Amino acid sequence: MSDTTHIGCACGQTRLKVQGAPILVSECLCDSCRAAANRLSTLPGARSILTSYEATPSAEYRKDRITIVSGEETLSEFRLSPDAGSRRVVATCCNTPVFLEMKGAHWLSLYLHLWPQETRPKAELRTMVGDLPDASRLPKDIPNLKSHTVSFYAKLLWAWIAMGFRNPKIAIARKIEA
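Residues numbered from 1 in each chain as written. Predicted model: local features only at pLDDT ≥ 70, side-chain atom pairs only at ≥ 80, totals over all residues. Heavy atoms only, no water.

1. What to know about the overall build of the protein chain
Within the protein chain, the secondary structure is distributed over two helices and 11 strands. For the protein chain, whose C-alpha radius of gyration is 15 Å, the value lies close to the compact-globule estimate of 16 Å for 178 residues. Across its three principal directions, the C-alpha atoms of the protein chain cover 40 × 40 × 35 Å. Relative to all contacts within the protein chain whose residues are 6 or more apart in sequence, the contacts with residues 24 or more apart total 63%. Across the protein chain, the 23 positively charged side chains and the 17 negatively charged ones have centroids separated by 2 Å. (Helix = DSSP H or I, 4+ residues; strand = E, 2+ residues; numbered from the N terminus. Rg over C-alpha atoms; globule rule 2.2 N^0.38 Å. Contact = heavy atoms within 4.5 Å. Lys, Arg positive; Asp, Glu negative; His and termini not counted. Charge placed at Lys NZ, Arg CZ, Asp CG, Glu CD.)

Laid out in structure tokens, this is it:
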């Protein structure tokens, strides 16, 4: 992976630049990620971001390594409920989910479908498999972890230390319902 990567929404109006390698590349199977992905797929023109086994693939990047190059005005936040701590951000030009931001987090989970297939980062692990009623159908190509591990949190902590414990804010003015 080159030092700078350009990614974007399905129609190309909303573009981002990411610097360096991700902190981690994962597939989440938590109830919230699956519910949000299903609801967002009902927006006009939207495509599902779930894998065939209902995982949400993403690359976790430090916020200070992400730049919105174009289409910032198309970005709208979606929350599963009004008091939800996490938000998903969607490019409304084509209703492409762009990232997940956890409350207070110093990183963003950028959805892997933003990368062209040939340069898309490969998931290293699946997490929150314990939320599934039956995890036996999951592929065995990477670790299928019941929940987040100490190693998962350690990678995030090291990234935060490297950022000088900063947490850049990303202002999104608009909201959408799905």
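2. Quick word on the state of the cysteines
Here the structure, examined in full by the defined rule, presents zero disulfides. Its sulfur unpaired, Cys30 is 3.5 Å from the next cysteine sulfur, which belongs to Cys28. The class for Cys30 is buried, based on a relative accessible area of 13%. Counting only cysteine sulfurs, Cys11 is the nearest neighbor of Cys93, a cysteine outside any disulfide, at a range of 3.6 Å. On the basis of relative accessible area, Cys93 is assigned to the partly exposed category, the value being 28%. (Disulfide = S-S within 2.5 Å. Buried < 20%, exposed > 50% of the residue type's maximum accessible area, 1.4 Å probe, protein only.)

3. Some remarks on the sheet that holds strand S6 (residues 75-78)
Pairing in this open sheet of eight strands is mixed, and the strands run S10-S3-S4-S9-S8-S7-S6-S11 from one edge to the other. What marks the edges here is a single partner per strand, and that holds for strand S10 (125-127) and strand S11 (174-175). By the bridge criterion, two bridges tie S6 to S11 in an arrangement that is parallel. Each bridged residue has a counterpart across the sheet, and for Glu77 the counterpart in S11 is Lys175. On top of the sheet, helix H1 (residues 31-40) reaches strand S3 (24-28), strand S4 (56-62), S6, strand S7 (87-91) and strand S8 (96-101); it is set at about 25° to S7, its chief contact. (Pairing = 2+ DSSP bridges. Axes fitted to C-alpha atoms, helices over the stretch in contact; angles between N-to-C directions.)

4. Quick look at the packing of aromatic side chains
The tally for this structure, following the rule as stated, stands at three aromatic pairs. Note on Phe152 and Tyr153: the rings are 5.6 Å apart at their centroids and 85° apart in plane angle, and the pair reads as edge-to-face. For Phe152, a relative accessible area of 9% translates into the label buried. With 5.1 Å between their ring centres and 80° between their planes, Trp160 and Phe165 make a pair best called edge-to-face. Taking the relative accessible area as the measure of exposure, Trp160 reaches 32% and is therefore partly exposed. (Phe/Tyr/Trp six-rings, centres within 6.5 Å; stacked < 30°, edge-to-face > 60°.)

5. Re the environment of Thr51
Tracing the backbone shows Thr51 in the loop between H1 and S4. In sequence terms Thr51 and Val69 are 18 residues apart; their C-alpha atoms lie 27 Å from each other. In contact with Thr51, other than residues within four places in its own chain, are Glu27 and Pro57.

6. A look at the pairing of strand S1 (residues 4-8)
Pairing of S1 with strand S2 (residues 15-19) involves five bridges; the strand directions are antiparallel. What sits directly across from Gly8, in S2, is Arg15.

7. Quick word on a nonpolar patch on the surface
Judged by side-chain polarity, Leu157, Trp158, Trp160, Ile161 and Phe165 come together as a nonpolar surface patch covering roughly 530 Å² of accessible area. Following the sequence through the fold, Trp160 ends up in helix H2 (residues 150-162). (Patch = residues over 30% accessible without salt bridge, like charges linked within 9 Å, V, L, I, M, F, W, Y side chains within 5 Å. Areas by Shrake-Rupley, 256 points an atom, 1.4 Å probe, with all protein chains shown as cover. Salt bridge = Lys/Arg side-chain N within 4 Å of Asp/Glu carboxyl O.)

8. Regarding the nonpolar core
Counting residues in each nonpolar core, the largest one holds 22 residues, and the members touching the most others are Ile7, Val18, Tyr61, Ile66, Val98, Leu110 and Trp115. If you list the elements that add at least two residues to this core, you get S2, S4, S7, S8 and strand S9 (107-111). Beyond its immediate stretch of four places on either side in the chain, Leu110 contacts Ile7, Leu16, Val18, Pro57, Ser58, Ala59, Tyr61, Ile66, Val98, Phe99 and Trp115. (Core = buried A, V, L, I, M, F, W, Y, C linked by side-chain atoms within 4.5 Å.)

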